[in-house]
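Each chain, written out:
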Amino acid sequence: MEKKDELIEAFFREGAILFGHFVLTSGKESDYYINVKKLITNPKVLKLIAELMKEKAEELGVEFDHVAGPELGAVPIATALSLETGKPLVIVRKKPKGHGTGSQIEGEVKPGDRVLLVEDVTTTGGSVLRSAKVLENQGAKVSAILVVVDREEGARENLGDYLFAPLVTVSELFARRDSVKD
């Protein structure tokens, strides 16, 4: 089984897709919820995600000096990818710390550094876009944005200034679900 198929299988095996009524981070309402945290708390699946992201970055020719992820869902993914690639980790906080240095970034980013930004799920892309801007305000260049799953609800269009690539799209997940039902 190919790694991507293995990841798609994991969504169903781990119960990472729920059906019902949900309000998403974007504020949108949805009749399904993708809980990538169910996947990233499983070390085998987290390693698979890191391997797939490394392969995707290589396939796209993405050059990067750091791996970054916005808190909270992307931090384990960014950490696993940092271990997989040997590149330093950067964590982007939702808002600046209210104490100490007041920084919004954990890890070192210098002007000109190339950053591979990762995220667990994108809907409209708003939260990962905010993280990209935080990194750029520090002088970094976002080389690409890789996401575990894109809900295909505007993220690709809203992140049009960046190289954006999901490992899996919601269409692929639903195609797998529907093929099992038939």
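Residues numbered from 1 in each chain as written. Predicted model: local features only at pLDDT ≥ 70, side-chain atom pairs only at ≥ 80, totals over all residues. Heavy atoms only, no water.

Chemist: Residue-level account of the packing of aromatic side chains, with values.
Modeler: On inspection of all chains with the given rule, the structure shows three aromatic pairs. Between the aromatic rings of Tyr32 and Phe174, the centroid separation amounts to 4.9 Å while the plane-to-plane angle is 70 degrees, which identifies the pairing as edge-to-face. Pair noted here: Tyr32 is in strand β2 (residues 29-34) and Phe174 is in helix α7 (residues 170-181), with a separation of 142 residues, a long-range link. A residue is classified by how much of its surface remains accessible, and Tyr32, at 6% relative accessible area, is buried. Site record: aromatic cluster; members linked through ring pairs are Phe19, Tyr32 and Phe174. Here the basic side chain of Lys87 rests over the ring of Phe64, its NZ or CZ set 5.5 Å away from the ring centre. Lying over the aromatic face of Tyr32, Arg151 brings its terminal NZ or CZ to 4.1 Å of the ring centre. (Phe/Tyr/Trp six-rings, centres within 6.5 Å; stacked < 30°, edge-to-face > 60°. Helix = DSSP H or I, 4+ residues; strand = E, 2+ residues; numbered from the N terminus. Buried < 20%, exposed > 50% of the residue type's maximum accessible area, 1.4 Å probe, protein only. Lys NZ or Arg CZ within 6 Å of the ring centre and 35° of its normal.)

Chemist: Kindly report on the packing of helix α1 (residues 3-13) against helix α3 (residues 43-60), identifying the contributing residues and their values.
Modeler: Put simply, α1 and α3 touch, their axes get as near as 10 Å, and they point 145 degrees apart. Where α1 crosses over α3, the two elements pack in a sense that is left-handed. On α3, the residues that touch Lys3, Lys4, Glu6, Leu7, Ala10 and Arg13 of α1 are Val45, Leu48, Ile49, Glu51, Leu52 and Glu55. Taken together, the residues of the contact of α1 with α3 break down into six nonpolar, no polar and six charged. (Axes fitted to C-alpha atoms, helices over the stretch in contact; angles between N-to-C directions. Left-handed = near helix turned anticlockwise from the far one by under 90°. Contact = heavy atoms within 4.5 Å. Nonpolar A, V, L, I, M, F, W, Y, C, P; charged D, E, K, R; others polar.)

Chemist: Please provide a residue-by-residue account of the sheet that holds strand β7 (residues 141-150), values included.
Modeler: Read across the sheet, six strands follow the order β5-β4-β3-β6-β7-β8 without closing on themselves; strand pairing throughout is mixed. Two strands in the sheet have a free side with no partner beyond their single neighbour: β5 (105-106) and β8 (164-169). Inspection of the sheet shows strand β4 (residues 89-92) paired to β5 by two bridges, in the antiparallel sense. In the strand pairing of β5, Ile91 is matched with Glu106. Strands β7 and β8 of the sheet are contacted by α1, whose axis makes an angle of about 60 degrees with β8. Against the sheet, helix α5 (residues 126-137) makes contact with β3 (66-70), β4, β5, β6 (114-122) and β7, and its axis sits at roughly 165 degrees relative to β6, the strand it touches most. (Pairing = 2+ DSSP bridges.)

Chemist: I'd like a description of the layout of surface pockets, backed by residues and values.
Modeler: For the largest pocket, the calculated volume is near 670 Å³. If you trace the largest pocket, you find 31 residues lining it, with Thr25, Glu119, Asp120, Val121 and Ser127 closest to the centre. At the level of elements, β2, β6 and α5 are the ones that each hand at least two residues to the lining of the largest pocket. The leading source of residues in the lining of the largest pocket is α5, at six residues. (1 Å grid on protein atoms, 1.4 Å probe; cavity = no way out; pocket = protein on both sides within 12 Å on 5 of 7 lines; lining within 4 Å. Points joined across faces, edges and corners; volume = space filled by probe spheres on them.)

Chemist: Break down the nonpolar core for me, with residues and values.
Modeler: Core analysis: the biggest nonpolar cluster contains 38 residues, and Leu7, Phe11 and Ile49 have the highest contact counts within it. With eight residues, α3 is the single largest residue contributor to this core. Counting residues in each nonpolar core, the second largest holds 19 residues, with Val109, Val128, Ala132 and Ala155 among its members. (Core = buried A, V, L, I, M, F, W, Y, C linked by side-chain atoms within 4.5 Å.)

Chemist: An account of unusual backbone geometry is needed here, citing residue identities and associated values.
Modeler: Here the residue pair Glu71 and Leu72 is connected by a cis peptide bond, since its omega of 5 degrees sits within 30 degrees of zero. One can find Leu72 in the loop between β3 and α4 (74-85). At Glu152, a position not held by glycine, the phi torsion is positive, near 60 degrees. For Glu152, the location among the structural elements is in the loop between β7 and α6 (155-158).

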